[in-house]
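Letter by letter, the chains look like this.
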Amino acid sequence: MLEAIGQYVTRLLSELEQTLSIPTSFVVIEFLGTFAFALSGIRLASAKRFDLFGAFAVGLATAVGGGTIRDLLLRVQPFWTTNAVYFLCCAFAVVWVMAFRRQLVRQQNTWFLFDTLGLALFNVIGIEKSLNLGQTWWMAITMGCVTGAAGGVIRDLLLGEVPLIFRKEIYAVACACGGVVYILCRHYGVPGSLNAAVAILAVIATRLLAVRFHWHLPTLKGE
Amino acid sequence: MLEAIGQYVTRLLSELEQTLSIPTSFVVIEFLGTFAFALSGIRLASAKRFDLFGAFAVGLATAVGGGTIRDLLLRVQPFWTTNAVYFLCCAFAVVWVMAFRRQLVRQQNTWFLFDTLGLALFNVIGIEKSLNLGQTWWMAITMGCVTGAAGGVIRDLLLGEVPLIFRKEIYAVACACGGVVYILCRHYGVPGSLNAAVAILAVIATRLLAVRFHWHLPTLKGE
Amino acid sequence: MLEAIGQYVTRLLSELEQTLSIPTSFVVIEFLGTFAFALSGIRLASAKRFDLFGAFAVGLATAVGGGTIRDLLLRVQPFWTTNAVYFLCCAFAVVWVMAFRRQLVRQQNTWFLFDTLGLALFNVIGIEKSLNLGQTWWMAITMGCVTGAAGGVIRDLLLGEVPLIFRKEIYAVACACGGVVYILCRHYGVPGSLNAAVAILAVIATRLLAVRFHWHLPTLKGE
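Residues numbered from 1 in each chain as written. Chains lettered and ligands numbered in written order. Predicted model: local features only at pLDDT ≥ 70, side-chain atom pairs only at ≥ 80, totals over all residues. Heavy atoms only, no water.

Draft legend 1. Structural view of the overall build of chain A. Across its full length, chain A holds eight helices and zero strands. Relative to the 2.2 N^0.38 estimate, which gives 17 Å for 223 residues, the radius of gyration of chain A is 17 Å and therefore close to what a compact globule would have. Along the three orthogonal principal directions, the C-alpha set of chain A runs to about 50 × 50 × 30 Å. Across chain A, contacts joining residues at least 24 apart in sequence account for 72% of those joining residues at least 6 apart. A total accessible area of about 10,100 Å² is found for chain A, and carbon and sulfur atoms account for 66% of it. Taking the average place of the 17 positive charges on the side chains of chain A and the average place of its 12 negative ones, the gap between the two points comes to 8 Å. (Helix = DSSP H or I, 4+ residues; strand = E, 2+ residues; numbered from the N terminus. Rg over C-alpha atoms; globule rule 2.2 N^0.38 Å. Contact = heavy atoms within 4.5 Å. Areas by Shrake-Rupley, 256 points an atom, 1.4 Å probe, with all protein chains shown as cover. Lys, Arg positive; Asp, Glu negative; His and termini not counted. Charge placed at Lys NZ, Arg CZ, Asp CG, Glu CD.)

The structure is reproduced here in structure tokens:
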């Protein structure tokens, strides 16, 4: 049974690799990133005592919400509709939360790392997809931010919370930094794959440094 | 005046019958289902002291929200944009709530029945629309759930509540059961209309049994 | 620096004028309306102590949200994706709130006026865009309301509030009045530009009179 699922997921991942024409390492990162995003939604849902379906739905919305809004705005087919791997990834995340409930706090740093990796990769995927569709540079940066950050906004709305990224975390700004780096590299003729790697590093660096040194944006003072 | 409205609605319904090419009984169920969905939104809005416009808007969002999200994800024209009957149905539901305010509690069981009928029919409409557009079986089941359940999520968000279906009701799961039954019947060559009938019965049975025997999904324990 | 930005904005505005083929005065009104919409989002965000990015995001969602939902429902390219002026306008609104924090209360009436002007113009833009795409008259009125009012609903959801326009303000109803006036004028053969002007005046008059005389819609009584 488990073996059959494993083979099925492997097949889906290799299809994904062909469809997106990205290297294997990226497919693995995308899978881990999706898993980490789903996990963040499911954990918050379980804290609010959602049932199994609710937790799965919030996890899925967190993981694929950003890319879905990007695809709707770009008027292309939502990316998750052609490959079942995203659904399986979220279902797997629900099982993980049920099985390793007590260990999740200890795994915190691991998931933070995967979440950051996912953010960086989703950002670059959003940027490249937009540019390939002939969008302008500022639309590409925006769509990169939307891909990375909108899932978390949907998650917080479904949980009845004011979106976290509007108040505290350097999250969308990390995406924007990565986007600017990508566009600048491209402008100065850096070759495509190096481009992506530098942008991914920029996002990761910005986020890790922000968390390490408690950076945050200035808060607007109320009247 | 009333007669003229009656004739207009009858004409719209017969147009709908031709457009969707579904039997008359289904058009009547769709009308009653839309009405029951709108009613649930309007009643909750009136409990929050929304004004007439707010109640109408929430009713409309509850009734057509699920199908709209489905159509956006499938990249086809939103179903309610070509026939004014859905708007009239919601306006009629507002009038109903104003006129029969005191009787609504007594009518509870009737509306629960229509709501369940509507859920079952919307689910099958979502499944068939997806399959006709060449989507995979798992996308069809998902789009069936979205058609049936997303309207209620939008309703709860507009009312400032955490979506009910994430925490308590067997609602989306009833849709998923109906979807699996539909796909299995189709796989084993059951003819089209019987297919739909069996799936509709599966949704109704799941929901009624769940309410009768207080079934609910396990809740995820928080950390 | 400031001069360069000024020249850039002027160029974007003149491009907008050509794309939309509307008179210069309308482009100026659209800019002021967008600014006023963004300002309302940013001020409420600052009252909730959002950071700079959050305030910008809420301002942008308020300003372009209604038109975006309209364009998604009509299945055309979101209007703000082809011209950077809307982004600059929102960024400028953030700077304005930071610079003139203490004066904003005194500027209240000015911004209320621009907000009303924006509402009226956005409404007519929504109506005309829908009619040009071959939609029916009731869809045009609906899309006019969506263009004018949905931005405020998104703003309130992002801020964790129950949407204001569902409970208090004559806002969407002013749009609907303007829409009915537009459609009636068109039906009786009033020439196009006069049509738009009369509808704009109808929206402004409805809203100003509603605020002046404390008009509001009846509230639905809860059960």
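Draft legend 2. Quick look at the interface of chain B and chain C. Taken together, the contact between chain B and chain C spans 35 residues of the former and 25 residues of the latter. Here chain B and chain C share an interface that buries about 2,500 Å² over both sides, 69% of which is from carbon and sulfur atoms. Joining chain B to chain C, the criterion identifies zero salt bridges. Going through the elements one at a time, helix H2 (24-47), helix H3 (52-74), helix H4 (85-99) and helix H6 (137-158) of chain B are the ones with two or more residues in the side of chain B that touches chain C. With eight residues, H3 of chain B is the largest single contributor of residues to the side of chain B that touches chain C. Across the side of chain B that touches chain C, the residue classes break down as 21 nonpolar, eight polar and six charged. (Buried area = accessible area lost by both parts, 1.4 Å probe. Salt bridge = Lys/Arg side-chain N within 4 Å of Asp/Glu carboxyl O. Nonpolar A, V, L, I, M, F, W, Y, C, P; charged D, E, K, R; others polar.)

Draft legend 3. Here's a closer look at the pattern of salt bridges. Residues and elements named next belong to chain A. In the structure shown here, the tally under the stated rule is 15 salt bridges over all chains. When the shortest N-O distance is used, the salt bridge between Asp71 and Arg70 registers 3.0 Å. Taking the relative accessible area as the measure of exposure, Asp71 reaches 0% and is therefore buried. Here the salt bridges do not stand alone but share partners, grouping Arg70, Asp71 and Lys129 into one network. (Buried < 20%, exposed > 50% of the residue type's maximum accessible area, 1.4 Å probe, protein only.)

Draft legend 4. Broad picture of the interface of chain A and chain B. Taken together, the contact pairs 35 residues of chain A with 25 residues of chain B. For the pair chain A and chain B, the two sides together bury roughly 2,500 Å², of which 69% comes from carbon and sulfur. Its largest share of buried area at the contact with chain B, chain A owes to Asp51, Phe53 and Arg101 of chain A, together 24% of the area lost on that side. For the interface between chain A and chain B, the tally reads zero salt bridges. Summed over the shared surface of chain A and chain B, the result is four residue pairs in polar contact (both at pLDDT 80 or more). Listing elements by their share of the side of chain A that touches chain B, those giving two or more residues are helix H2 (24-47), helix H3 (52-74), helix H4 (85-99) and helix H6 (137-158) of chain A. Residue contributions to the side of chain A that touches chain B peak at eight residues, all from H3 of chain A. Per-class residue counts for the side of chain A that touches chain B are 21 nonpolar, eight polar and six charged. (Polar contact = N/O pair within 3.5 Å; in protein donor to acceptor, adjacent residues only side chain to side chain.)

Draft legend 5. Geometry of the packing of helix H7 (residues 172-187) of chain A against helix H8 (residues 192-212) of chain A. Residue and element names in this part refer to chain A. Running from N to C, H7 and H8 point in directions that differ by 155°, and their axes come no closer than 8 Å. In terms of orientation, H7 lies roughly antiparallel with respect to H8. Crossing angle aside, the handedness with which H7 passes H8 is right-handed. Residues Ala174, Cys175, Cys177, Gly178, Val181, Tyr182, Cys185 and Arg186 of H7 touch H8, and the partners they reach there are Asn195, Ala196, Val198, Ala199, Ala202, Val203, Thr206 and Arg207. The class makeup of the residues in the contact of H7 with H8 is eleven nonpolar, three polar and two charged. (Axes fitted to C-alpha atoms, helices over the stretch in contact; angles between N-to-C directions. Parallel < 35°, antiparallel > 145°, perpendicular 65-115°, else oblique. Left-handed = near helix turned anticlockwise from the far one by under 90°.)

Draft legend 6. How the structure looks around unusual backbone geometry. Positioned with a positive phi, Arg49 of chain A is a non-glycine residue whose angle comes to about 60°. Structurally, Arg49 of chain A can be placed in the loop between H2 and H3.

Draft legend 7. Summary view of the state of the cysteines. Residue and element names in this part refer to chain B. In this structure the tally under the stated criterion is zero disulfides over all chains. Residue Cys90 stays outside any disulfide, its sulfur separated by 5.8 Å from that of Cys89, the closest cysteine. The closest cysteine sulfur to the non-disulfide-bonded Cys177 is located on Cys145, 9.0 Å from its own sulfur. (Disulfide = S-S within 2.5 Å.)

Draft legend 8. Representation of the side chain of Glu30 of chain C. All names here are of chain C. One can find Glu30 in helix H2 (residues 24-47). Although Glu30 is buried, it forms no salt bridge, and the closest oppositely charged side chain is Arg70 at an N-O distance of 7.4 Å. Only 3.1 Å separates the side chain of Glu30 from the side chain of Tyr86, close enough to count as a polar contact.

Draft legend 9. The arrangement of the relation of the copies chain A and chain B in detail. Overlaying chain A on chain B yields an RMSD of 0.0 Å, the required transformation being a rotation through 120° with an accompanying axial translation of 0.0 Å. Here the two chains are linked by the operation of a three-fold rotation axis. A different interface surface on each copy is seen, since only 9% of the contact residues of chain A are contact residues in chain B too. (Least-squares fit on C-alpha atoms with pLDDT ≥ 70 in both.)

Draft legend 10. Up close: the environment of Phe114 of chain A. Looking at the secondary structure, you find Phe114 of chain A in helix H5 (residues 108-132). Along the backbone, Phe114 of chain A and Glu15 of chain A are 99 residues apart, and their C-alpha atoms lie at a distance of 22 Å.

Draft legend 11. Structural view of the side chain of Asp51 of chain B. Here Asp51 of chain B is to be found in the loop between H2 and H3. Arg167 of chain C provides the closest opposite charge to the buried, salt-bridge-free Asp51 of chain B, at an N-O distance of 8.6 Å. Beyond its immediate chain neighbours, meaning those up to four positions away, Asp51 of chain B contacts Ile165, Phe166, Arg167, Lys168, Leu217, Pro218, Thr219 and Leu220 of chain C.

Draft legend 12. View of the environment of Gly41 of chain C. All names here are of chain C. On the secondary structure map, Gly41 appears in helix H2. Spatially, the C-alpha atom of Gly41 lies 5.5 Å from that of Val58, the residues being 17 residues apart in sequence. Leave out the neighbours within four places in its chain, and Gly41 touches Val58, Gly59, Thr62 and Arg155.

Draft legend 13. Region of the structure containing the relation of the copies chain B and chain C. Of the two same-sequence chains, chain B is brought onto chain C (RMSD 0.0 Å, axial shift 0.0 Å) by a rotation of 120°. A low fraction, 9%, of the interface residues of chain B reappear at the interface in chain C, so the copies pair through non-equivalent surfaces.

Draft legend 14. Examining helix H5 (residues 108-132) of chain B more closely. The terminal C-alpha atoms of H5 of chain B, which comprises 25 residues, lie 36 Å apart, in line with the 36 Å expected from a rise of 1.5 Å per residue. Positive backbone phi, at 85°, marks Gly134 of chain B, one or two positions downstream of H5 of chain B. (Expected span 1.5 Å × (residues − 1).)

Draft legend 15. Here's a closer look at a nonpolar patch on the surface. A surface patch of nonpolar side chains, about 340 Å² in accessible area, is lined by Val180, Leu184 and Tyr188 of chain A. Here Tyr188 of chain A is to be found in the loop between H7 and H8. (Patch = residues over 30% accessible without salt bridge, like charges linked within 9 Å, V, L, I, M, F, W, Y side chains within 5 Å.)

Just distances and angles here, no functional claims.
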